[in-house]
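Chain by chain, the residues:
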Amino acid sequence: IDVTLADLVADVRALTPSEAAERIVPAADELLLGLRSREQRLRFALRRRATYARDRLDQFAARRAFRRPFDRLLNAARDLDATQARATRAIKQLQRLARHRVQGMSAQLESLSPLGILARGYSLATRLDDNRLITDASTLQPGDRVRTRLAKGEFVSQIESVDGLNNRE
């Protein structure tokens, strides 16, 4: 038997090419066993992933948003209705306050109005010739014509005499 140097350094030695082929190619039983083992691991992994996915799906399905999807929408609509009612009440209150304020200002303006003053019994006198307001009796002369305005109507009169009221100062 010849032994070569390559045979001495090789990990495995085959005497014939057939023996070498047998050593390189695993047996069909070993291949089948390896395939079955991988098939079992793959089935187990797929079952585990399917179980995990089913559990996650059940968790999502158990959430309230998925069990009753319109609850959130109904709650938002209810909140919107309540906000609208509050806004309507606030606007009506503001309108009442504004109306009350306007009425108060109107009454105050009416009390300062020249027509309001005339309604309390006062009159407004102007010279007939130049329509200037008469605020001092000393500016009048007997014979001057005066237009006097009252709350209801006006009349024209002629001065007969002038009393010197401004002499009291």
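Residues numbered from 1 in each chain as written. Predicted model: local features only at pLDDT ≥ 70, side-chain atom pairs only at ≥ 80, totals over all residues. Heavy atoms only, no water.

1. Things to note about the overall build of the protein
Regarding its fold elements, the protein presents six helices and three strands. Along the protein, helices and strands appear, N-terminal first, in the series α-α-α-α-α-α-β-β-β. Rg of the C-alpha trace for the protein: 58 Å, well past the compact-globule value of 15 Å for 169 residues, more than 25% over. Residues classed as buried in the protein amount to 7% of the 169 residues present. Look at the contacts in the protein between residues 6 or more apart in sequence, and 18% of them connect residues 24 or more apart. Accessible surface computed for the protein: about 15500 Å², of which carbon and sulfur atoms make up 56%. (Helix = DSSP H or I, 4+ residues; strand = E, 2+ residues; numbered from the N terminus. Rg over C-alpha atoms; globule rule 2.2 N^0.38 Å. Buried < 20%, exposed > 50% of the residue type's maximum accessible area, 1.4 Å probe, protein only. Contact = heavy atoms within 4.5 Å. Areas by Shrake-Rupley, 256 points an atom, 1.4 Å probe, with all protein chains shown as cover.)

2. Looking at the pattern of salt bridges
This structure, assessed with the given rule, holds five salt bridges. Taking the shortest distance from any N to any O, the salt bridge between R23 and E19 comes out at 3.1 Å. With R23 and E19 both in helix α2 (residues 17-24) and four residues apart, the pair spans about one turn of that helix. The shortest N-O distance in the salt bridge between R132 and D130 comes to 3.3 Å. (Salt bridge = Lys/Arg side-chain N within 4 Å of Asp/Glu carboxyl O.)

3. Digging into the pairing of strand β2 (residues 145-149)
Every second residue of β2 is oriented toward a common face, the buried set being V146 and T148 and the non-buried set R145, R147 and R149. Where strand β1 (residues 124-127) meets β2, four bridges bridge the pair, whose relative direction is antiparallel. Residue pairing in the sheet places T126 in a bridge with R147 of β2. Connecting β2 to the antiparallel partner strand β3 (residues 154-158) that follows it, the hairpin turn spans four residues, and G153 within it adopts a positive phi of roughly 100 degrees. (Pairing = 2+ DSSP bridges.)

4. Side note on the sheet that holds β3
With antiparallel pairing, three strands are arranged side by side in an open sheet as β1-β2-β3. What marks the edges here is a single partner per strand, and that holds for β1 and β3. Neighbour-to-neighbour, the strand axes of this sheet turn through a mean angle of 25 degrees, independent of strand direction. (Axes fitted to C-alpha atoms, helices over the stretch in contact; angles between N-to-C directions.)

5. Looking at the environment of D129
Mapping D129 onto the fold places it in the loop between β1 and β2. Along the primary structure D129 and R78 are separated by 51 residues, whereas in three dimensions their C-alpha atoms are 75 Å apart.

6. What to know about unusual backbone geometry
You will see that N131, though not glycine, has its phi angle at about 60 degrees, which is positive. Within the fold, N131 resides in the loop between β1 and β2. Under the relative-accessibility criterion, N131 is labelled exposed at 52%.

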